[in-house]
Amino acid sequence: MLRKLLFANFKLIYRFSHWLRQRFTSTGMLILLIMPVAGVFGFDTRNTLSFQIFSITSVLLFTAMFFSLFFRGRFSIIRKLPDYGSVGIPLNYYCVIHNENKTAKRGLVLIDELKSQFPSLDDFSKAKDPLDKKRNRIDRFIGYPRLVNVMQKLRGGSIKPITVDYIAEQSELEIIVQLTPLRRGYLYFDKTRLAQAEPLGLFQAQKTLNHKDSLLILPRLYRTPRLNLQSKRTYQHGGVNSASTVGDSQEFISLRDYHPGDPIRSIHWRSFAKLNKPIVKEYQDEYFTRYGLILDTFLEHKPERLFEGAVSVAASFMTAQKEQDALLDLMFVGNTPYRFTSGRGLAGAENILEVLACVEPVYESNINEVQLMIQQYSRECSALICILLDLDESRLRLIKSLSTLNIPTKFLLLGDSVTIENAAAIDENDIHLINHDSLQQDLDTLWKM
């Protein structure tokens with residue numbers, strides 16, 4: 001009950017503190033902190049002069065807020081965003097400010113904001129913050145510092161305010177804004193504020209412009225070796241260009257006359273209408289190399305940073321150099337089984353990275369569904385790469401099941417030091433251990449380039 005009461009007030013506290021940070025300058029914040037302290041000690045006007053400090057600071061703040069009401073202006077802003085960014089790597093984009101006023105403007109501050117979404121009580125309770133271990137018991141119990149970090153993660157990035165010294169009347173000015181992505185997925189821009197401090201420099205008047213945009217943030221990429229699993233070409237019903245389709249579609253080679261028994265869906269209707277006789281499309285099947293990359297999404301009680309590392313490893317392999325005619329299938333199970341194919345004539349690496357940028361972990365075991373999906377597509381795969389988050393009984397059964405398929409397979413176990421110590425005792429399986437803290441170094445030692 002106490003936690004619910006505290007959480008109900010968090011929203012008001014957060015919005016009020018955000019308003020203070022946006023409106024008051026650093027000098028204004030200092031005076032704002034001095035004013036209540038002087039007021040407390042200024043009750044006894046005979047023995048202390050603190051009431052004078054309280055009176056002066058109050059007059060200064062109210063005067064500053066009054067002058068801020070006279071800030072007028074018409075502006076328009078256009079964002080020029082890049083196609084995508086990467087987690088943890090600062091990126092620059094452009095904002096074009098159009099001053100529609102007949103007078104020049106000086107001393108403006110551009111504040112671009114991402115959409116701020118307040119979490120529900122259930123989401124807040126389930127959220128895990130690695131920094132909680134370093135906080136004292138009171139902060140862990142109350143949870144407000146954790147709420148600030150959760151809000152920052154949901155927002156997805158931090159944007160530095162930019163000072164605009166001068167912009168001429170009825171002109172445009174293009175400025176560079178820096179954004180640091182904090183998570184993968186889509187970031188949503190909500191609004192842009194143009195602030196200007198009043199003559200005393202204590203309080204900022206603001207002009208809010210609603211301008212919504214979105215930007216895709218990709219997982220962090222690492223250097224990975226080429227896919228060299230000693231695989232061989234396998235029969236692919238449908239050829240390269242139709243490898244990602246479902247059904248009996250094949251590789252088109254020519255047109256021919258209709259023979260009894262040909263399926264109706266193979267009829268080429270344009271030729272039928274032109275020649276007034278049935279013409280069908282002829283196909284052929286092909287052999288080529290096809291890799292399968294299996295991403296373990298069952299996180300259970302593991303820290304989220306391990307799942308983020310697994311997604312980054314999967315994204316790195318999807319973008320690594322491979323054979324010209326090879327295909328790479330990304331397979332994982334979220335709410336439903338997913339299979340995405342990249343390669344020549346199919347989706348490019350950008351499409352697969354977009355999928356990985358939005359994948360989320362699951363907290364109920366789905367290893368059996370993964371095993372069924374692999375068995376369904378195992379005949380088409382030349383080799384498999386399996387990225388695991390743990391080595392429990394269900395995953396060990398998955399490893400044994402894959403070992404019976406006679407397909408070259410690499411098992412990558414990504415975990416912390418505890419997981420790696422437990423996995424080191426398993427010698428009968430070809431498992432490559434990857435420590436999250438030394439991820440790039442362990443990837444470099446997997447196999448030769």
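Residues numbered from 1 in each chain as written. Predicted model: local features only at pLDDT ≥ 70, side-chain atom pairs only at ≥ 80, totals over all residues. Heavy atoms only, no water.

Points about the packing of helix 2 (residues 26-41) against helix 3 (residues 50-67)
Helix-helix packing is characterised by the crossing angle of the two axes and by the distance between the axes. Stated precisely, the cut-off is as follows: To obtain each axis, a line is fitted to C-alpha atoms, and for helices this fit is confined to the stretch in contact; angles are then taken between N-to-C directions over 0 to 180 degrees. Each helix corresponds to a stretch of at least 4 residues labelled H or I by DSSP, and each strand to a stretch of at least 2 residues labelled E; elements are numbered beginning at the N terminus. Put simply, a crossing is left-handed when the front helix is turned counterclockwise from the back one by less than a right angle, and right-handed when it is turned clockwise. By definition in these notes, contact holds between two residues if any of their heavy atoms fall within 4.5 Å. Residue type decides the class: Asp, Glu, Lys and Arg count as charged, Ala, Val, Leu, Ile, Met, Phe, Trp, Tyr, Cys and Pro as nonpolar, and the leftover types, Gly among them, as polar.
Helix 3 packs onto helix 2 with a crossing angle of 145° between their chain directions and a minimal axis gap of 8 Å. In this structure, helix 2 meets helix 3 at a crossing whose hand is left-handed. Across the interface between the two elements, Gly-28, Ile-31, Leu-32, Ile-34, Met-35, Ala-38, Gly-39 and Phe-41 from helix 2 touch Ser-50, Phe-51, Ile-53, Phe-54, Thr-57, Ser-58, Leu-60 and Leu-61 from helix 3. Within the contact of helix 2 with helix 3, the residues separate by chemical class into eleven nonpolar, five polar and no charged.

Quick notes on the sheet that holds strand 8 (residues 185-197)
What counts here: In this description, strands pair whenever DSSP reports at least two bridges between them.
Taken in spatial order, the five strands of this open sheet run 2-9-8-4-6, and their pairing is mixed. The open sheet terminates on both sides in strands that have one partner only, identified here as strand 2 (84-86) and strand 6 (162-167). Across this sheet, the average inter-strand angle for adjacent strands is 40°, counted without regard to direction. Here three bridges tie strand 2 to strand 9 (residues 204-218), and the two strands are oriented parallel to one another. Looking at strand 9, one finds that Gly-85 is bridged to Ile-217. Sheet strands in contact with helix 9 (residues 349-358) are strand 8 and strand 9, and its direction is about 115° off that of strand 9.

Looking at the pairing of strand 8
Of the pairings in the sheet, the one linking strand 4 (residues 105-114) to strand 8 comprises seven bridges and is antiparallel in character. For Leu-114, the partnering residue across the bridge sits in strand 8 and is Phe-189. The turn linking strand 8 back onto strand 9 is made up of six residues, and Gly-201 within it adopts a positive phi angle of 75°.

Brief notes about unusual backbone geometry
Rules: Using a 1.4 Å probe on the protein chains alone, a residue whose accessible area is under 20% of its type maximum counts as buried, one over 50% counts as exposed, and one in between counts as partly exposed.
Phi is positive for Glu-300, which is not a glycine, with a value near 55°. Relative to the helices and strands, Glu-300 resides in the loop between strand 14 (290-295) and helix 8 (304-318). Given a relative accessible area of 34%, Glu-300 falls into the partly exposed group. A positive phi angle is found at Asn-406, which is not glycine, with a value near 55°. In this structure, Asn-406 sits in the loop between helix 11 (393-403) and strand 18 (409-415). Residue Asn-406 is classed as exposed on the basis of its relative accessible area, which comes to 72%.

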